[in-house]
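Residue-level listing of the chains:
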Amino acid sequence: MHKIIEKRQLSEQVFRMTIEAPLISHERKAGQFVILQLDTNFGERIPLTIADADAVAGTITIIFQAVGKTTINLSRFEEGQEIANVLGPLGNPTHIQKFGTVVCVGGGIGVAPMHPIAQAMKNAGNRVVIIMGARTKELVIMEEEMRAIADELILVTDDGSYGRKALVTEPLKELCASADTKPDLVVAIGPPIMMKFCAATTRPFDVTTVVSLNTIMVDGTGMCGGCRVTVGEETKFVCVDGPEFDGHKVDFENMLKRLGSYRSQEEQARHSCLMDAEADRLAESEAGGKR
Amino acid sequence: MSHQTPEQLQSAAESELHTLLAKKETEGLKNRDRLKIPQQDMPSQDPAVRRHNMQEVTFGYSETQAILEAERCLQCKNAPCIAGCPVSIDIPGFIQLITDRDYAGSINVIKEASLLPAICGRVCPQESQCQENCTLGKSLKDQFKSVSIGRLERFVADLDRAKGGRSVPKIAKSTGRKIGVIGSGPASITAAADLRKAGHDVVVFEAFHKPGGVMLYGIPEFRLPKKIVEEEIQTLKDMGVEIRTNFLVGRTRKLMDLIKQDGFDALFIGSGAGLPKFMHIPGENLVGVFTANEYLTRSNLMKAYDDAHADTPIFHPKRVAVLGGGNVAMDAARTAIRLGAEQVYVVYRRTRTEMPARVEEVDHADEEGVIFRFLQSPVRIIGDDTGHVTGMECISYELGEPDESGRRRPVAVPGSESVIDLDTVIVSIGNDSNPLLRQTTPELTVNKWGNIIADENGKTSIDRVYAGGDIVLGAATVILAMGQGRKAAAAINEMLAKETAAAASATVQS
């Protein structure tokens, strides 16, 4: 069992939790993830990236968006409650070395897993440029933490409510286009569609672009193959071969389709889950009224 | 033959046994009398009914049937059946005790050699092990008419379970030594039990949230009820074995750290095969193509078939093709039927005779309506604009000259391509070894397929580290894994005993 030490809501749907996981906090490196499950008998196993860890306190931090049945349920857990199962750290750590200038592109909650990677890149002596994007101002997370690492930070929102009004690919393209700022490496983490367009943006400039994939998984140890993606001509498993791959070789079209494998069932589960939440809320407010 | 109800089988058995016992009483039974006793069919759920449920297909012998079947055994002196058993159970011994109606004595004979009789009685491929060598089968010139050893094993094991007879083996005085067992499938369970019996502290590391390995995530409920696996795990816990779930050796902790920092005196690796193979044909990553591992894990371990309770989704396909001819392929095909599929094909490039699956599983799949497409092999999987499977193109084969396995090699017939309409394809052509341990443990020597190289005692290239089961053998069976777990445990026990003796004599000398 893994006790929730701290819970914070970062935006309407985004939550940050620090949970007890001594062994994982000790072993984990930037780029790795965990699989968690809320109920041992009937719960679903979902992969979540490790945003941060404290080996001394024996805790890890996860940041997640409450969009599916399990993440919505998890978002209702409070401090002191326990998560039944957490397995990790899984996946290969990010390859960290001194490349020169590294541009870290984080979109939405992709900023969370980017944080330890940017930190490690910085510690390895790289000049770190961070591009962080969100749909709107309320969805911008971890700005302060990222500013503390970045040599340069470019903040964009789709609607222009905060920072520059742009998609992350615009400043990325500008950096690639100028000889002075052309990156030696780009790391992009965010929604699949964003990673796809980041890879498309850097391809003409021949800038190596690493993407971190978050596909459907069951075991996370190489056994089920549900997480497989096409990279170049080969089939790769995100759990044991990844989660990071050369973005220029990933077949994003196929990956996006595979991500939608269970869409109708997930929609249904999410809907009934939200209905339950609404019923709970109504029951609570009614009980409160009677008192 | 049409399906017979348990009542029909019982009534036939009763009259048969009545006559037989009368004869045994008056003049005794000769071998030729035993040869005439009809082999007892396994009572099972009606195929039309069981297509729609996850409950166990077979019910097990009644006492009458068990005694009749046991009377078929010729009790031959050389007992060739024992040589066919990977853990050398005294087979004539336990069968004799069934005819004496000493069922407690019978199960004890089995338990001397096997820790998991209720499981092995259900999932062992007896026809290619003990029953293959049976003298009765040879006399009747039909190996499938051998004494049904597996069914008898299950009979006494189930009686013992029903009586709550889960006995906890005696544990030797504590040695103060600590052994880690990696994985919790059949090889690991056997090794853990044998190591614990010798008085060592034993910790089992399991990556999943529940222990049991392939018996839990792979073999479906309708073939091996999970309650039985849970009971066996409980026995381990009652013996004092510690089980740590959500612990992936190599990631949660490096293998060498367990020895160098965490004080383990030895390790046994029984982590299984676990990296699914693909055909490498176009369309294999379309939506609706699954590995059998994924499909079965969703259904079995994650209980996705129980969609009223389970959070994990699963495809409820209409038209499915399962690629492969092993037990796992049968399990996947029969699971798809139970999830409501209308047409389930098994596509296999050889014929029924060459199928590696247990004959009983193939027969059961047949009865449940699985359509076999023998001598065919997929060429490509076809999808629509949305990336979903719509069909599969196959090419026909004919059997040519025998290959190195002794089976006739299938040869493609040019121009014989045809397309099956499908919405789901389940790939079940075996597993490669999981790369995780070797990636994170460079000291570990593996062969060209990635299987850990171990000597006949299970010893690997690393001092104090042993291995067994599928991670060494490639994909094999529960009983072979158990045999390897047992051997490795014996070798570890011997190694530690020698060390203790050496330390004691050193103390005496100083």
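Model, not experiment: these values are computed from the prediction. (Residues numbered from 1 in each chain as written. Chains lettered and ligands numbered in written order. Predicted model: local features only at pLDDT ≥ 70, side-chain atom pairs only at ≥ 80, totals over all residues. Heavy atoms only, no water.)

### Considering the overall build of chain B
Going by this rule: To qualify as a helix, a DSSP run of H or I must reach at least 4 residues; to qualify as a strand, a run of E must reach at least 2; elements of each kind are numbered from the N terminus. Put simply, the radius of gyration uses C-alpha atoms, and a globule should come to 2.2 Å times the residue count raised to 0.38. Type-normalised accessible area, obtained with a 1.4 Å probe on protein chains alone, sets the label of each residue: buried when under 20%, exposed when over 50%, and partly exposed for intermediate values. Should any heavy atoms of two residues lie within 4.5 Å, those residues are considered in contact. Values of accessible area rely on a 1.4 Å probe in the Shrake-Rupley scheme; residue burial ignores everything except the protein chains shown. When charges are tallied, Lys and Arg are placed among the positive residues and Asp and Glu among the negative ones, while His and the ends of the chain are skipped. Throughout, a charge is located at the NZ atom of Lys, the CZ atom of Arg, the CG atom of Asp or the CD atom of Glu.
When helices and strands are tallied, chain B shows 20 helices and 16 strands. A compact globule built from 510 residues would reach a C-alpha radius of gyration of about 24 Å, and chain B, at 24 Å, matches this within 12%. Within the span of chain B, comprising 510 residues, buried residues form 58% of the whole. Relative to all contacts within chain B whose residues are 6 or more apart in sequence, the contacts with residues 24 or more apart total 70%. When the accessible area of chain B is evaluated, it comes to approximately 20800 Å², of which 51% is carbon and sulfur surface. Averaging the coordinates of the 60 positive side-chain charges in chain B and doing the same for the 66 negative ones gives two points 4 Å apart.

### Some details on the state of the cysteines
We apply this condition: Cysteine sulfur atoms are paired as a disulfide whenever they come within 2.5 Å of each other.
Taken as a whole and assessed by the stated rule, the structure comprises 0 disulfides over all chains. With no disulfide of its own, Cys224(A) lies closest to Cys227(A) among cysteine sulfurs, the gap being 6.1 Å. Summary of cysteine pairing: Cys134(B) is not part of a disulfide, and the nearest cysteine sulfur, belonging to Cys76(B), is at 6.6 Å. Taking the relative accessible area as the measure of exposure, Cys134(B) reaches 9% and is therefore buried.

### A few points about the side chain of Thr291(B)
The cut-off we apply is this: The term polar contact refers here to a pair of N or O atoms within 3.5 Å; inside protein, the definition further demands a hydrogen-donor-capable atom paired with an acceptor-capable atom, and it admits residues adjacent in sequence only when both atoms are side-chain atoms.
Following the sequence through the fold, Thr291(B) ends up in strand β6 (residues 289-291). Within polar-contact distance, the side chain of Thr291(B) engages the backbone oxygen of Cys224(A) at 2.6 Å. Each residue touching Thr291(B), except ones within four places of it in the same chain, is listed here: Cys224(A), Gly225(A), Pro276(B), Phe278(B), Ile426(B) and Val427(B).

### Side note on the environment of Glu267(A)
Locating Glu267(A) in the fold gives a position in helix α9 (residues 263-290). Measuring from C-alpha to C-alpha, the distance between Glu267(A) and Gly68(A) comes to 7.9 Å, with 199 residues separating the pair along the chain.

### Examining the pairing of strand β9 (residues 371-374) of chain B
Residue and element names in this part refer to chain B. The test is simple: What makes two strands pair is DSSP finding at least two bridges between them. Clockwise travel from the first strand over the helix to the second, with the strands pointing away from the viewer, marks a crossover as right-handed.
Relative to β9, strand β8 (residues 343-348) is paired through 4 bridges, and the arrangement is parallel. The partner of valine 346 across the bridge, within β9, is phenylalanine 372. Once the chain exits β8 it traverses helix α17 (residues 359-367) before rejoining the sheet at β9, and the crossover so formed is right-handed.

### Things to note about the nonpolar core
Selection criterion: Nonpolar cores are built from buried Ala, Val, Leu, Ile, Met, Phe, Trp, Tyr and Cys residues. Side-chain atoms within 4.5 Å join them into one set.
Counting 84 residues, the largest nonpolar core has Ile91(B), Phe94(B), Ile95(B), Ile119(B) and Leu152(B) as the members making the most contacts within it. Residue contributions to this core peak at 10 residues, all from helix α20 (residues 478-509) of chain B. Discounting residues that sit within four places of it in the chain, Leu152(B) has contacts with Tyr61(B), Ala66(B), Glu69(B), Ala70(B), Phe94(B), Ile95(B), Ile98(B) and Val147(B). Phe237(A), Val320(B), Met330(B) and Ala341(B) belong to the second largest nonpolar core, which has 72 residues in total.

### Some remarks on the pattern of salt bridges
All names here are of chain A. Condition: By definition, a salt bridge exists where a carboxyl oxygen of Asp or Glu is found within 4 Å of a side-chain nitrogen of Lys or Arg.
Under the counting rule described, the total for this entry stands at 47 salt bridges over all chains. A salt bridge links glutamate 145 to arginine 16, with the shortest nitrogen-to-oxygen separation between them at 3.5 Å. You can see glutamate 145 sitting in helix α4 (residues 143-149) and its partner arginine 16 sitting in strand β2 (residues 14-20), a full 129 residues away along the chain. Of the residues examined, glutamate 145 reaches a relative accessible area of 28% and is grouped as partly exposed. A residue is classified by how much of its surface remains accessible, and arginine 16, at 16% relative accessible area, is buried.

### A few points about the interface of chain B and chain A
What counts here: Note on terms: buried area is the combined drop in 1.4 Å-probe accessible area of two parts once they are placed together, counting the loss on both.
Listed by partner, the interface residues are 46 residues for chain B and 43 residues for chain A. Together, the buried faces of chain B and chain A total about 3800 Å²; carbon and sulfur atoms form 54% of this surface. Of all residues in chain B, Arg251(B), Asn285(B) and Asp311(B) give up the largest surface area on contact with chain A, accounting jointly for 20% of the area buried on that side. Along the contact surface separating chain B from chain A lie 3 salt bridges. The salt bridge involving Glu27(A) is made with Lys254(B); its shortest N-O contact spans 3.8 Å. At the boundary of chain B with chain A, the tally comes to 23 residue pairs in polar contact (both at pLDDT 80 or more).

### Examining the confidence of the model for chain B
Short version of the rule: Each residue gets a pLDDT score, which is the predictor's confidence in that residue and runs from 0 to 100.
Taken residue by residue, chain B gives an average pLDDT of 93. The fraction at 70 or more is 99%. Predicted complex metrics record ipTM = 0.90 and pTM = 0.92.

### As for the sheet that holds β9(B)
Residue and element names in this part refer to chain B. For clarity, the cut-off: Only the stretch in contact is used when fitting a helix axis, every axis being a line fitted to C-alpha atoms; angles between N-to-C directions are given from 0 to 180 degrees.
Strand order in the open sheet formed by 5 strands is β6-β14-β7-β8-β9, and the pairing between neighbours is parallel. Each edge of the open sheet is held by one strand with a lone partner, namely β6 and β9. The sheet shows a mean angle of 20° between the axes of neighbouring strands, taken without regard to direction. Where β6 meets strand β14 (residues 424-427), 3 bridges bridge the pair, whose relative direction is parallel. Note on β14: the bridge partner recorded for valine 289 is valine 425. Packed on one face of the sheet, helix α15 (residues 292-299) meets β6 and β14 and runs near 80° to β6.

### Things to note about the sheet that holds strand β1 (residues 178-182) of chain B
All names here are of chain B. Here we have 5 strands laid out as an open sheet, ordered β3-β2-β1-β4-β16, and parallel in their pairing. The sheet is open, and its two borders are formed by β3 (242-244) and β16 (465-467), each paired with just one other strand. When the angles between neighbouring strand axes are averaged without regard to direction, this sheet yields 20°. Direction of pairing for β1 relative to strand β2 (residues 201-205): parallel, over a ladder of 5 bridges. Looking at the pairing, lysine 178 lines up with aspartate 201 of β2.

### Details of helix α8 (residues 252-259) of chain A
All names here are of chain A. Put simply, the rule reads: Comment: arc refers to directions from the helix axis out to C-beta atoms.
Within α8, burial applies to Phe252, Asn254, Met255, Arg258 and Leu259. Down the axis of α8, the smallest arc covering the buried residues is 160°, so these residues share one side. The N-cap residue of α8 is aspartate 251: its side-chain oxygen and the backbone nitrogen of glutamate 253 are 3.3 Å apart.

### A word on helix α4 (residues 63-71) of chain B
Taking burial as the measure, the 9 residues of α4(B) include 8 buried ones, the bulk of the element. Buried residues in α4(B) make contact with α1 (6-26), α2 (31-36), α6 (91-99), α7 (103-111) and α10 (149-162) of chain B.

### Some thoughts on the packing of aromatic side chains
Residues and elements named next belong to chain A. Short version of the rule: Note on aromatic pairs: the rings of Phe, Tyr and Trp (six-membered ring only in Trp) are paired at centre separations within 6.5 Å, and the planes decide the class, stacked below 30 degrees, edge-to-face beyond 60, tilted for the rest.
What the rule picks out here adds up to 10 aromatic pairs over all chains. Here the aromatic rings of phenylalanine 15 and phenylalanine 64 are separated by 5.8 Å at their centres, their planes lie at 20°, and the arrangement is stacked. Taken together, the residues span a long stretch of sequence, with phenylalanine 15 in strand β2 and phenylalanine 64 in strand β5 (residues 59-65) at a distance of 49 residues. Taking relative accessible area as the criterion, phenylalanine 64 reaches 0% and is therefore assigned buried.

### A short note on the environment of Ser418(B)
All names here are of chain B. Relative to the helices and strands, serine 418 resides in strand β13 (residues 418-421). A sequence separation of 22 residues divides serine 418 from serine 396, and the C-alpha atoms of the two residues are 8.3 Å apart. If we skip the residues at most four places from it in the chain, serine 418 touches Arg373, Gln376, Met392, Glu393 and Cys394.

### Observations concerning the pairing of strand β7 (residues 85-90) of chain A
All names here are of chain A. Within β7, 6 of the 6 residues are buried, which leaves it mostly tucked inside the rest of the structure. With 4 bridges connecting them, strand β3 (residues 33-37) and β7 associate as antiparallel partners. Looking across to β7, one finds that isoleucine 35 is bridged to leucine 87.

### Regarding the packing of α1(B) against α4(B)
All names here are of chain B. The line we're drawing: Every angle not falling under 35 degrees, over 145, or within 65 to 115 is termed oblique; those three ranges are roughly parallel, roughly antiparallel and roughly perpendicular. Left-handed describes a crossing whose near helix is turned anticlockwise from the far helix by less than a right angle; the clockwise case is right-handed. Under the scheme applied, nonpolar residues are Ala, Val, Leu, Ile, Met, Phe, Trp, Tyr, Cys and Pro; charged residues are Asp, Glu, Lys and Arg; polar residues are all the others, including Gly.
Two elements in contact, α1 and α4, have axes separated by 9 Å at closest approach and are oriented at 50°. As far as their axial angle goes, α4 and α1 are oblique. Once α1 is placed against α4, the crossing between them reads as left-handed. Within the contact between the two elements, α1 uses Leu9, Gln10, Ala13, Glu14, Glu16, Leu17, Leu20, Leu21 and Lys24 and α4 uses Thr64, Gln65, Ile67, Leu68 and Glu71. For the contact of α1 with α4, a count of residues per class yields 7 nonpolar, 3 polar and 4 charged.

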